[in-house]
Amino acid sequence: IYRAIGRRPIFAFGNSDGDWQMLQWTATGEGPRFMGLVHHTDAEREYAYDRASKIGKLDKAWDDAVAKGWTVVDMKSEWNKIFAFE
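Residues numbered from 1 in each chain as written. Predicted model: local features only at pLDDT ≥ 70, side-chain atom pairs only at ≥ 80, totals over all residues. Heavy atoms only, no water.

K.L.:
Is there a simple way to think about the pattern of salt bridges in this case?
P.N.:
Between side chains of opposite charge, a pair can form as their charged atoms come close. Applying the stated rule across the entire model yields 4 salt bridges. Between Asp64 and Lys68 there is a salt bridge; the shortest N-O distance is 3.4 Å. Of the two residues, Asp64 and Lys68 both sit in helix α3 (residues 60-68), 4 residues apart, roughly one turn of that helix. Relative accessible area serves as the criterion here: at 12%, Asp64 is assigned to the buried category. Put simply, Arg51, Asp59 and Asp63 are held in one network by salt bridges that share partners. (Salt bridge = Lys/Arg side-chain N within 4 Å of Asp/Glu carboxyl O. Helix = DSSP H or I, 4+ residues; strand = E, 2+ residues; numbered from the N terminus. Buried < 20%, exposed > 50% of the residue type's maximum accessible area, 1.4 Å probe, protein only.)

K.L.:
Got a minute to help me understand the pairing of strand β2 (residues 34-39) in this structure?
P.N.:
Looking along a regular strand, one sees side chains alternate from face to face of the sheet. Buried residues dominate β2, accounting for 5 of its 6 residues. Relative to β2, strand β1 (residues 11-14) is paired through 4 bridges, and the arrangement is parallel. Residue pairing across strands places Phe11 opposite Phe34, the latter belonging to β2. The parallel pair β2 and strand β3 (residues 71-74), bridged by α3, forms a crossover whose chirality is right-handed. (Pairing = 2+ DSSP bridges. Right-handed = clockwise from strand over helix to strand, strands pointing away.)

K.L.:
Would you take a moment to explain the nonpolar core for this structure?
P.N.:
A general tendency of soluble globular proteins is for nonpolar side chains to be buried together. In terms of nonpolar packing, the biggest core is built from 8 residues, these being Ala12, Leu23, Met35, Leu37, Leu58, Ala61, Ala65 and Trp70. Elements with a minimum of two residues in this core: β2 and α3. Ala65 has contacts with Leu37, Trp70 and Val72, leaving out every residue within four places of it along the chain. (Core = buried A, V, L, I, M, F, W, Y, C linked by side-chain atoms within 4.5 Å. Contact = heavy atoms within 4.5 Å.)

K.L.:
Help me understand the packing of aromatic side chains in this model?
P.N.:
Two measures describe an aromatic ring pair: the distance that separates the ring centres and the angle between the ring planes. Within the structure shown, the criterion is met by 4 aromatic pairs. A ring pair is formed by Phe11 and Phe13, whose centres lie 6.2 Å apart and whose planes are at 25 degrees; its orientation type is stacked. For Phe13, a relative accessible area of 34% gives the class partly exposed. Here Phe11 falls in the exposed class, since its relative accessible area comes to 53%. (Phe/Tyr/Trp six-rings, centres within 6.5 Å; stacked < 30°, edge-to-face > 60°.)

So this is what it looks like as structure tokens:
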């Protein structure tokens, strides 16, 4: 990210442990910051995964989100639409 934009982000949103380091790095910056996670809970309309998943694991980032008060969006209960054609 730093190589692309030349600074630490103030807003980071992810959906798996693959985004965890980006979220952590954003959180350690000075001033107001936003860190958020999409929790994939809708297997009918898209995918569902979290701690026990073999693909798209959400474990370490989930722990940090809960412990540090990051925003977590639950796909199944909070999204009316997942794809524009719905």
